[in-house]
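Listed below are the residues making up each chain.
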Amino acid sequence: MNISLNITKTITELLSGFMPEGAANIGAMVTIALIYLAIFAVAGLYLVLLERKVAAWFQLRLGPNRVGPWGLLQTMADALKLVSKELTGTVKADKFLYNLAPYFVIVSSLMALAVFPFTKEFQAFDINIGIFFLIAISSIGVIGILLGGWASNNKFALIGAMRSGVQTISYELSVGLSLLTMVLLTGTLQLSEIVEVQKNGWLIVQGHIPAIIAFMIYMIAGTAETNRAPFDMVEAESELGAGFHTEYSGMKFAYFFLAEFINMFIIAAIATTVFFGGWLSPFGITESIPWLGVFWFIGKTFLLVFLMMWFRWTFPRLRVDQLLTLEWKYLLPLNLLNIILMAVIVWLNLTIQF
Amino acid sequence: MSYFGDIYKGIKTLLTGMSVTGKYFLTSRKGAITQQYPDNKETLKMFERFRGEVVMPHDENNEHRCTGCQKCELACPNGSIEIIWDRQIDPESGKKKKMIDKHIYHLGMCTMCGLCIEACPTDAIVWAQNFENSVYDRSYLTKVLNQPNSKLKAGVED
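Residues numbered from 1 in each chain as written. Chains lettered and ligands numbered in written order. Predicted model: local features only at pLDDT ≥ 70, side-chain atom pairs only at ≥ 80, totals over all residues. Heavy atoms only, no water.

An unreviewed UniProt entry lists chain B under the name NADH-quinone oxidoreductase subunit I, with Lutibacter oceani as the source organism.

In the annotation of an unreviewed UniProt entry, the entry for chain A reads NADH-quinone oxidoreductase subunit H, and the organism field reads Lutibacter oceani. Note on chain A: under the UniProt heading Catalytic activity (unreviewed entry), the record states "a quinone + NADH + 5 H(+)(in) = a quinol + NAD(+) + 4 H(+)(out)". (UniProt positions renumbered as here; feature names shortened; annotations may be inferred.)

## Some remarks on the nonpolar core
Ranked by internal contacts, the top residues of the largest apolar core, which has 91 residues, are A:Phe116, A:Met182, A:Phe215, A:Tyr218, A:Met219 and A:Phe275. For this core, the element with the highest residue contribution is helix H12 (residues 250-275) of chain A, accounting for 15 residues. Residues contacting A:Met219, with those up to four places away along its chain left out, are A:Ala271, A:Leu304, A:Leu307, A:Met308 and A:Phe311. Core analysis: the next-biggest nonpolar cluster, separate from the first, contains 18 residues, B:Val54, B:Cys72, B:Leu107 and B:Ile117 among them. (Core = buried A, V, L, I, M, F, W, Y, C linked by side-chain atoms within 4.5 Å. Buried < 20%, exposed > 50% of the residue type's maximum accessible area, 1.4 Å probe, protein only. Helix = DSSP H or I, 4+ residues; strand = E, 2+ residues; numbered from the N terminus. Contact = heavy atoms within 4.5 Å.)

## Notes on the domain arrangement of chain A
All names here are of chain A. Taken as a whole, chain A is organised into domain 1 (1-84) and domain 2 (89-347). Summarising the inter-unit geometry, the C-alpha centres of domain 1 and domain 2 are found 19 Å apart. With 22 residues of domain 1 at the contact, the number on the domain 2 side is 30 residues. Buried surface at the junction of domain 1 and domain 2, summed over both partners, amounts to about 2,300 Å²; 80% is from carbon and sulfur atoms. (Domains from an automatic or database assignment. Buried area = accessible area lost by both parts, 1.4 Å probe.)

## Observations concerning the side chain of A:Thr186
Residue and element names in this part refer to chain A. Residue position: Thr186 is located in helix H7 (residues 155-186). Here the side chain of Thr186 touches Thr188 through a polar contact of 3.1 Å, landing on its backbone oxygen. Setting aside its immediate chain neighbours within four residues, Thr186 contacts Ile194, Val197 and Leu203. (Polar contact = N/O pair within 3.5 Å; in protein donor to acceptor, adjacent residues only side chain to side chain.)

## A word on the sheet that holds strand E3 (residues 81-89) of chain B
Residues and elements named next belong to chain B. Strand order in this open sheet of three strands is E3-E4-E6, and the pairing throughout is antiparallel. The strands lining the two open edges of the sheet, one partner per strand, are E3 and strand E6 (142-144). If you compare each strand with its neighbour and ignore which way they point, the axes differ by 25° on average. Direction of pairing for strand E4 (residues 96-106) relative to E6: antiparallel, over a ladder of three bridges. By the bridge assignment, His106 is partnered in E6 with Thr142. (Pairing = 2+ DSSP bridges. Axes fitted to C-alpha atoms, helices over the stretch in contact; angles between N-to-C directions.)

## Looking at the UniProt feature "transmembrane region" (unreviewed entry) in chain A
All names here are of chain A. What UniProt calls "transmembrane region" (unreviewed entry) maps, in this numbering, to residues 26-49, 100-119, 131-151, 171-189, 201-221, 253-277, 289-310 and 330-350. Span residues 131-151 is 90% helix and 0% strand, its end C-alpha atoms 32 Å apart. This span, residues 171-189, is 84% helix and 0% strand, and a straight line between its end C-alpha atoms measures 20 Å.

So, in structure tokens, the structure goes:
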């Protein structure tokens, strides 16, 4: 396998063969964006299918098994149905913001995908403040939710959106601080370098106790960030109709739905990169074949996605006050203590390195 | 320090819950409770407790156990059961006796509460497990439970 995995460079070189340099750069960007868009739209659909199957298995059911073999085409059919549906709206909605909201949500979640190193050099955009970029981008999505809830001119949507604001602002802190704990260990924010550091052992092993605490906090806060059960105060079917997307139908609803699942993938992918060695294979068993890294990365990510689904189908939902108690009274103080613990461990060189 | 105690207890109980659902997840292949209904029509067996409709079982001699006491009619909260009865001369003893002519059951009005079956002193009516009750006209839902020319089984009244 002699294919260069650095896709940005490969495509730019390919295009600059018959284009001026500026056009080739832009062409490469557009091509990569389209490839990512196509791959992750389909991946999002299959995540929905996975969620439904996993939910079924947790509840001793069979799950979708009618459309295609083992129900594999079920979500494709659902997406086609949603595309063909009418885009309804309320009369008193703020039309511009109402139509804008789904794009905020989907664009912000797709933007975050650009920085993940799927394997060695297979990365669309190797920015040197990768983690910072991810934390920043993941909080833009909530603007879409707030806009959607506000512009719908619907009280349920508004309550859902405000809850989303409360929840995301609170849990941002925990996500950021738990990733910061790991940054103390790596000394860099660049995702490709974070993976390089882990060649001496995955960070969850290197950082042992504080890393495990940080991972637990990250998974709890990450689940809350994606607005999934048990933290689904935003949608809250039993109380708010469908929460912020009550008034959305057809493809606009599908964007919200898809964004939720891509966000779940992103949260799991960040955890994979920062805690579980990204595309590195366990004990370096496939180190000589770099393209296998994609499978390790996807495999680890899907394990973590499964963990989040496991949370969803096990735990009872939280009330808003319990949600905030959990964050401000438990996760945040623990997180701050954990940073100190990690700092002490890094300072005294107590990390486990192979 | 109940603060850290609470955290410990919280994590412990969450893990207990996850282990329970995890076990269900692993055994779901064998124990799926979903009935793939129209496909398994031949093998589908409803449970004993399922309330489909009220029927009156008859034995091979076309004999039922209904004495016409009307307790089911009285017990029914919405009048789904009507019993048309008559005093006839019993051919064996030669005395006049209450006998049912028709045991009429309106399935369309029945709420499946089961009070008639509890009220029946001779177990003449029981639950059937069929559920494909849709018909094109609602008059089909009015059923006569006793078969034509059927009679009371001997010894039920004693």
